[in-house]
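Remarks on the overall topology
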Amino acid sequence: MPDVRFEHIVKRFGTLSVLEDLNLTVADGEFLVLLGPSGCGKTTLLNLLAGLLDVTGGRITIGDRDVTELDPSQRGLAMVFQSYALYPTKTVEGNLRFGLAAQKLDRAEIDRRVAWAAQLLQLERMMNRKPSQLSGGQRQRVAIGRALVKHAGVLLFDEPLSNLDAKLRTEMRLEIKKLHQSLHQTIVYVTHDQIEAMTMATRIAVMDQGVIQQIGTPDEIYERPANLFVARFIGSPA
Ligand code: ADP
């Protein structure tokens, strides 16, 4: 799995400067959570990596490839959105297969990957259902499955659990964490939820107003917050 590097990233929307000279390295196989309050620039950073937005300045590399100018489909990433973005008219199986249609894989390989993801995410018994016949947690598992079948080097998550109720959120946190532990895939995960970050991340980058205030393991950040903002946001005892 490749590492991801953001080098001197600048992002402006017209006169609004969201990111100024941001630097961040996500190590190979790590589960990095971008954590911060709404509007601090987390999704912007993720979308720059995904290629859904263009940088104003700076460079993004994945492994030894400079992807700054590449189309999203050329970057070797898969993304899971908050809104699931499932196709309502396709079955679960159809949704899983659809992600692979553009990849020119032979049928046996597609079958193999879809069966693998279905088993991993416990979707085997609902392959013929439509998204409307699934619970919120099941839909989110399909969305994750659709990303996993791509065998992408890097998985991106944008607030994937925020539409779920509290109980499901707790369950899905553990599922995603287990998934990472078994696949060792590089994950960049955006959330404003401290508990989500603390329970899942191998490292957390705490952001405020476009600036990374601190990067560290959950324990480091909780026990030694770099400043008052981090302490308050994480809810450290200090
Ligand atoms: P977060 O994900 O942390 O909630 P965002 O990255 O979505 O934050 O937004 C960061 C800032 O950039 C906000 O002030 C937001 O209003 C602004 N912003 C995001 N996308 C656009 C856009 N397409 N055009 C103009 N401003 C934007």
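None of the values given here were measured: they were computed from a predicted structure.

On a plain count of helices and strands, the chain comes out with 8 helices and 10 strands. Across its three principal directions, the C-alpha atoms of the chain cover 50 × 40 × 30 Å. Sequence-distant contacts in the chain: of pairs separated by 6 or more residues, those separated by 24 or more amount to 65%.

A few words on the confidence of the model for the chain. Predicted coordinates in regions of low pLDDT should not be interpreted in detail. Counting all residues, the mean pLDDT for the chain is 92, and 98% of those residues have values of 70 or more. For the chain, helix α5 (residues 166–183) is the element with the lowest average pLDDT, namely 87, and strand β1 (residues 4–13) is the one with the highest, namely 98. With a pTM of 0.92, the predicted complex shows an ipTM of 0.98.

Our next topic: the site of the ligand. All residues adjacent to the ligand are Phe13, Leu16, Val18, Gly36, Ser38, Gly39, Cys40, Gly41, Lys42, Thr43 and Thr44. For the shell around the ligand, the element with the most residues is helix α1 (residues 42–50), which contributes 3 residues. Considering only residue class, the shell around the ligand consists of 4 nonpolar, 6 polar and 1 charged.

Moving on, we come to the sheet that holds strand β5 (residues 65–66). Read across the sheet, 4 strands follow the order β2-β1-β4-β5 without closing on themselves; strand pairing throughout is antiparallel. Strands at the two margins of the open sheet, each flanked by one partner only, are β2 (16–26) and β5. Sheet strands in contact with α1 are β1, β2 and β4 (57–62), and its direction is about 115° off that of β1.

Conventions and cut-offs
Throughout this description, residue numbers start from 1 for each chain and increase along the sequence as written. Per-residue local features of the predicted model are confined to residues with pLDDT of at least 70, and side-chain atom pairs are confined, for both listing and counting, to 80 or more; whole-chain, interface and lining totals are unaffected and use all residues. Where helices and strands are cited, they refer to DSSP runs of H or I of at least four residues and of E of at least two residues respectively, numbered from the N terminus. We call two residues in contact when the distance between their C-beta atoms, placed using the backbone, is within 7 Å. The predictor's confidence in any single residue is recorded as pLDDT, a number from 0 to 100. Near residues are defined by distance alone, with the backbone-placed C-beta atom required to lie within 6 Å of the molecule or strand. Under the scheme applied here, ten amino acids are nonpolar (Ala, Val, Leu, Ile, Met, Phe, Trp, Tyr, Cys and Pro), four are charged (Asp, Glu, Lys and Arg), and all others, including Gly, are polar. The pairing criterion for strands is at least two bridges between them, as found by DSSP. A fitted line through C-alpha atoms serves as each axis, taken over the contacting stretch for helices, and the angle formed by two N-to-C directions is quoted from 0 to 180°.

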